[in-house]
Amino acid sequence: MMTSKERMWAALERRVPDRVPATVHQWQPYHLARYMGGRSDIEAFRFIGLDAAITTVPLIPRESGDWRVTCESLPRVNDYDEYLYTISTPEGTLSYRLGKNGQTSWVIEPMVKRPEDIELIRKYMPVPRLDKQKVREVYDELGDDGIVRGFVFGEQGGCWQDACVLAGTQEMIMAAFDMPDWVHRFMRILLDKKLQYIEESLAGSSYDLIETGGGAASSTVISPKMFKEFCLPYDREMHEAIHRVGKKVVYHTCGGMMPILELIVANGCDASETLSPPAVGGDVVPEQVKARIGSKVALIGGLDQFGVLTEGTPELIRETVFDLFAKLGPGGGYIMSPSDHFFDAPVENLMAYAQAARECKY
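Keep in mind the model is a prediction, meaning the values are calculated, not measured.

Q: Account for the packing of aromatic side chains, with residues named and values stated.
A: Any two aromatic rings considered together are summarised by their centre-to-centre distance and by the angle between their planes. Summed over all chains, the structure comprises 10 aromatic pairs. Ring centres 4.9 Å apart and planes at 90° place the aromatic pair Trp27 and Phe45 in the edge-to-face group. Taken together, the positions of Trp27 in the loop between α1 (4-12) and α2 (29-35) and Phe45 in helix α3 (residues 41-48) put the pair 18 residues apart, joining distant regions of the chain. What makes Trp27 buried here is its relative accessible area of 7%. Relative to Tyr96, the ring of Tyr85 has its centre 4.8 Å away and its plane inclined at 5°; by these criteria the two rings are stacked. On the criterion of sequence distance, the pair formed by Tyr85 in strand β4 (residues 81-89) and Tyr96 in strand β5 (residues 92-100) is long-range, its members being 11 residues apart. By relative accessible area, Tyr96 is classed as buried at 16%. Put simply, the rings of Trp27, Phe45 and Phe342 touch in pairs and so form one group of aromatic residues.

Rendered as structure tokens:
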């Protein structure tokens, strides 16, 4: 019988494990506090009986007098908190607003509002360092119960997703048509900072898997043509750098994937997630994904985290798990997981998921 770490590594290397590995994509603090009795993410995985995938990114800020960030809590006028961040540089000021509630946070007003703002990012935004010792402590605490995941520095792992957070998704799509040279310059600025972080911080770290990509690269957001021009070359260069420091890459598209499956493979990643079904905003047909790219990259995801894992009966969960295993599991190379975050999944449903997955043996 394999350990969870051995089982997940076998899948990532497209080998056949003893049974299908089953995990969740990042345990959310809201769920841990409300449903899991305040357990840590590692404790929650052990309690439910799933193979752990722990995401941790402890950063050490790099001191810079040329990039000074202040945060102001704004008067509450909605049912969530708002914060204004102001960044002072020698050549100008940037600002952005975030909304936050108990479950998540989101951008209300992006940082990049004028084309020239990206030059302030290029010149003055410091690249923090990873606290490798803290990552090692998580790795040691987890032991054989799973893998440790990380990100590349930035608002998001992929350059396109990062830019969409910094400037706005709609704004980036319009700029791709109106100012393609500016978009490429923005991608290059962000990529250079990510490459610096990879060389300085991911090298020698205890990560098993590094997540890149992002939902804004999904085919339900941009066209395959845009993906090929504005995502693929930058993703490929970043993935090559991650491989040079000895880490595997999972490419995250939490939306449509079917029109870009082969382009995802072309970017050099080792695994593709999240295999989101139509019910959660994706378009995945599991057996087609397996046939088209399952021999080239590992596959992670596929489980509807709302209609099945949160709202479904144990019987529906069991049926769905067996169906996913039948379509995505043959030949190995598959890690079962909810397609993305959940917040209110009952404990008994999570246990039904874990139990059904344990029965999916090779």
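Okay, back to it.
Q: Any chance you could break down the pattern of salt bridges for me, citing the residues and the numbers?
A: Summed over the entire model, instances satisfying the criterion amount to 26 salt bridges. For Glu237, the salt bridge identified is with Arg188, shortest N-O distance 3.0 Å. Taken together, the residues span a long stretch of sequence, with Glu237 in helix α10 (residues 232-244) and Arg188 in helix α8 (residues 180-202) at a distance of 49 residues. Of the residues examined, Glu237 reaches a relative accessible area of 28% and is grouped as partly exposed. For Lys327, the salt bridge is made with Asp323, and the minimal N-O distance between the two is 3.3 Å.

Q: If you had to explain the environment of Glu211 to someone new, which residues and values would you point to?
A: By the element assignment, Glu211 lies in strand β9 (residues 209-213). Given the relative accessible area of 7%, Glu211 is considered buried. When the C-alpha atoms of Glu211 and Thr55 are compared, they prove to be 9.5 Å apart, with 156 residues separating the residues in sequence. Each residue touching Glu211, except ones within four places of it in the same chain, is listed here: His25, Gln26, Arg149, Gly150, Phe151, Val152, Gly157, Val250, His252 and Glu273. Side-chain polar atoms of Glu211 contact the side chain of Arg149, separated by 2.7 Å. Of the polar contacts made by the side chain of Glu211, one reaches the side chain of His252; its length is 3.3 Å.

Cut-offs used in this document
- Residues numbered from 1 in each chain as written.
- Predicted model: local features only at pLDDT ≥ 70, side-chain atom pairs only at ≥ 80, totals over all residues.
- Heavy atoms only, no water.
- Phe/Tyr/Trp six-rings, centres within 6.5 Å; stacked < 30°, edge-to-face > 60°.
- Helix = DSSP H or I, 4+ residues; strand = E, 2+ residues; numbered from the N terminus.
- Buried < 20%, exposed > 50% of the residue type's maximum accessible area, 1.4 Å probe, protein only.
- Salt bridge = Lys/Arg side-chain N within 4 Å of Asp/Glu carboxyl O.
- Contact = heavy atoms within 4.5 Å.
- Polar contact = N/O pair within 3.5 Å; in protein donor to acceptor, adjacent residues only side chain to side chain.

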